[in-house]
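# Close look at the chain arrangement
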2 protein chains.
Amino acid sequence: MAVTTQGTHLDPWQDAYAAKADNLRESEIRALFAVVSRPEVVSLAGGMPNITDLPLAELAASAQDLIRTHGTQALQYGSGQGWPDFLESIAEVMAAEGTIADPGNIAVTTGSQQAIDIMTQLFVDPGDIVLAESPSYVGALGVFAAQQAEVRHVPMDSDGLIPQALEEAIVTARKEGRAVKFLYTIPNFQNPCGMSMTIERRGEITEICRKHHLLIVEDNPYGLLGFDGQTYPALATLWPEGVVYLGSFSKIFAPGFRCGWVYAPASIRKKVVLALESAVLSPSMVGQMALHAYLRDYDWIGQIAAYRSMYRSRRDAMIQALNDYLPDASWNVPDGGFYTWVKAPEGINTKAMLPRAVAGLVAYTSGTAFYADGQGTDHMRLSFCYPPEDEIREGVRRIALVMNREREIHNIFED
Amino acid sequence: MAVTTQGTHLDPWQDAYAAKADNLRESEIRALFAVVSRPEVVSLAGGMPNITDLPLAELAASAQDLIRTHGTQALQYGSGQGWPDFLESIAEVMAAEGTIADPGNIAVTTGSQQAIDIMTQLFVDPGDIVLAESPSYVGALGVFAAQQAEVRHVPMDSDGLIPQALEEAIVTARKEGRAVKFLYTIPNFQNPCGMSMTIERRGEITEICRKHHLLIVEDNPYGLLGFDGQTYPALATLWPEGVVYLGSFSKIFAPGFRCGWVYAPASIRKKVVLALESAVLSPSMVGQMALHAYLRDYDWIGQIAAYRSMYRSRRDAMIQALNDYLPDASWNVPDGGFYTWVKAPEGINTKAMLPRAVAGLVAYTSGTAFYADGQGTDHMRLSFCYPPEDEIREGVRRIALVMNREREIHNIFED
């Protein structure tokens, strides 16, 4: 039986909602979710990791052992901050990237999305400003809108956020008498751009934020997915008092347990835990204990190395296909993560083209999803994380076909 | 290694928090969490279910099978509304209580706590009023405070909420020009009182809310735990257009997967899903699929019958101990759920006494936890859900000892 949602034209509770409920919008990516799952469509749209190579037999045996021997603990409530043993596992994962974290400064979240939501609720009053890269992660922009923040985008170049532009944004907003609450940044293999902040820039960015007393929210789901195994120092290591670091297992393991974390200065971490308890009482013990067992018993660093190699091949397939099929577009060549950021050829509006692309059996994410202000119609984000290499190539080929048709129509109407 | 939280006396970010961050407080129950886990303390404080009789071997085999055969689906992201197959399972659970729900009006939450949080965020602007029973669930009061609602308590008698008092509260608030956003009620085996709303009252309460166009949030974690197998019609069946129903697997199965649900009118459900996506992207697929398999493959109704019988025996042990050790206190005899609500003997302040009770190796929850306004020093909630019968009896005996000492001291200082 199909699950249907009853339609209503008149909502009798329309007058009862809070002001901020109006700001909830379906994201351009989520609106495509139904399309993505149709097998005939090649989706270069989502950020779903490819987890087909996980050791399912071993994970299955581990899950069985967990429930059989520790079931009454795994199926019970836990504490709001997370299970202490798991906090230590998380600290070990952070150490793999060079970040030395006290487990007592970590709290477990229901995916790192919840960490973004909680941080925004803790710091943002309606109308406050959040600074974010230009462009930035669609899911974070959705939270900022839902919590009534005003997002100001700070330009990037190939070295990451531009320090002078960041400083100008802070100074300008404060001159206007506005409260700027934090800088939200994805320094590693950024979503959607795929670029990383250089080490020099990391120093400059944290120095500017320190000077202007501006908190940094450092979102780092992809940091261990550098294709050459390269890692960068976390901003949190450069300025522990002023950076709240968000981590995730979704990309380095799998998303299904919905386990992420916050690593924060003690005073902030304390408030984060209270907010988490208010939101969900406690994170899933099953999820925490299963991940803890995986990290304890399995060569998770080897698994990440396998992921890197697999995603690198998919990146190569994507870049090759772009070269072959879209020679008049331009793009960066990411050296880690999931995404390529493509500038469409002159005259193409990626947002307007999307329905026709889907009709042409390919999906991507319009650049507009990654801006709070309607920019981005000249860009698209192409994900190489989920479909295999031949599908990536076929997807890019279909995009090229749709683009050619767009331009033919465009030329007809221009003539 | 013990996990410690670094202390800070000065928070350098004190000025940066949102206004509502000040409203986050550690609940009186959570403050006791560390104490509860000390084996020498008998805790009658928490609401942890007793899950020792769950069929762990079968659940373990089921988890193994799930990961082995559907691992790449279970470990992947899902959709924000929940997994369609699981929405149908939830509708079957609701049917066991006599509620016929369209799966398309259900959404999966990270425990029903998240449902309370999301509903409050969707409807409450700072300063808006929420009506709740007097007393009411501590975790909901925490959310209401965190989201800057003003709670007004509506008195109950042994039949549940008093209709006239509810109507007066609505009319009074609106005369004051205040926005009243919803009535939050736990109609079945209420937390903390253990009482249920009579069928007649259900009709009256929904009629009043309909007349005054006031939304009802019906929180129902204990509805299937009537000791005689008795169930009551959900308010949502009496007024589907005006009731948002919150369900939970924490008490009828186990809390570890953090799976609850919302059943709501279509227009509200749509906004709930958007808010859930903003908060956590999607609920855990592992949790949903594991619960779905449990409901599909196991005699879950038989398990609930076993829970009822076990909790009934514990209730009996609690009432017997109260009769034996606390003859000058008074209490109700709940016919379902987890809790007894005890009025302490004259002169006892349950909140003031709590630290001395803990020193006397017994914990309970002070009545003040269940009021937004400091009432409740003359009551305590005693849970009979978690400790076995002999410990329940020993716990009540220890409370009586502490109370006697309190009164001795009281008498000395009075003389």
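Summarised in this report is the structure supplied together with it. (Residues numbered from 1 in each chain as written. Chains lettered and ligands numbered in written order. Predicted model: local features only at pLDDT ≥ 70, side-chain atom pairs only at ≥ 80, totals over all residues. Heavy atoms only, no water.)

### Digging into unusual backbone geometry
- Cis geometry marks the peptide bond from Ser134 of chain A to Pro135 of chain A, where omega comes out at 0°.
- Mapped onto the fold, Pro135 of chain A is located in the loop between β3 (129-134) and α5 (138-146).
- A cis geometry characterises the amide bond from Asn191 of chain A onward to Pro192 of chain A, with omega recorded as 15°.
- As for its position among the elements, Pro192 of chain A is in the loop between β6 (180-185) and α7 (199-211).
- One non-glycine residue, His213 of chain B, lies in positive phi territory at about 50°.
- Residue position: His213 of chain B is located in the loop between α7 (199-211) and β7 (215-219).
- Assessed through its relative accessible area of 39%, His213 of chain B is described here as partly exposed. (Helix = DSSP H or I, 4+ residues; strand = E, 2+ residues; numbered from the N terminus. Buried < 20%, exposed > 50% of the residue type's maximum accessible area, 1.4 Å probe, protein only.)

### As for the nonpolar core
- Within the largest apolar cluster, 299 residues are counted, with the highest numbers of intra-cluster contacts made by Tyr184 and Phe249 of chain A together with Tyr184 and Phe249 of chain B.
- Aside from chain neighbours lying at most four places away, what touches Tyr184 of chain A is Ile116, Val130, Leu131, Ala132, Glu133, Ser136, Tyr137, Ala140, Phe144, Val217 and Asp219 of chain A. (Core = buried A, V, L, I, M, F, W, Y, C linked by side-chain atoms within 4.5 Å. Contact = heavy atoms within 4.5 Å.)

### Observations concerning the sheet that holds strand β9 (residues 260-263) of chain A
Residues and elements named next belong to chain A.
- Taken in spatial order, the eight strands make up an open sheet running β2-β9-β8-β7-β6-β3-β4-β5, and their pairing is mixed. A strand with exactly one partner marks an edge of an open sheet, and here the two such strands are β2 (106-109) and β5 (160-161).
- Alignment of β3 against strand β4 (residues 150-157), held across six bridges, turns out to be parallel. Within the sheet, the bridge partner assigned to Ile129 lies in β4 and is Glu150.
- Contacting β3, β4, β5 and β6, helix α6 (residues 163-175) crosses the sheet at an angle of about 160° to β4. (Pairing = 2+ DSSP bridges. Axes fitted to C-alpha atoms, helices over the stretch in contact; angles between N-to-C directions.)

### A look at the packing of aromatic side chains
- Following the criterion strictly, the structure yields 36 aromatic pairs over all chains and no others.
- Considering the side-chain rings of Phe144 of chain B and Tyr184 of chain B, the 5.5 Å spacing of their centres and the 75° angle between planes classify their relative orientation as edge-to-face. Of the two residues, Phe144 of chain B sits in helix α5 (residues 138-146) while Tyr184 of chain B sits in strand β6 (residues 180-185), which places them 40 residues apart along the sequence. Neither residue differs from the other here; Phe144 of chain B and Tyr184 of chain B are each classed as buried.
- Look at Tyr222 of chain B and Tyr339 of chain B: their rings are 5.7 Å apart centre to centre, the planes differ by 85°, and that puts the pair in the edge-to-face class. With a gap of 117 residues between them, Tyr222 of chain B in the loop between β7 and α8 (235-238) and Tyr339 of chain B in strand β11 (residues 339-343) connect regions that are remote in the sequence. Judged on exposure class, the residue Tyr222 of chain B and its partner Tyr339 of chain B are both buried.
- Linked through ring pairs, Tyr222, Tyr307, Tyr311, Phe338 and Tyr339 of chain A together constitute an aromatic cluster.
- Above the plane of the ring of Tyr17 of chain B lies Lys271 of chain A, whose end atom (NZ or CZ) is 4.9 Å from the centre. (Phe/Tyr/Trp six-rings, centres within 6.5 Å; stacked < 30°, edge-to-face > 60°. Lys NZ or Arg CZ within 6 Å of the ring centre and 35° of its normal.)

As far as function goes, none of this settles anything; it's purely spatial.
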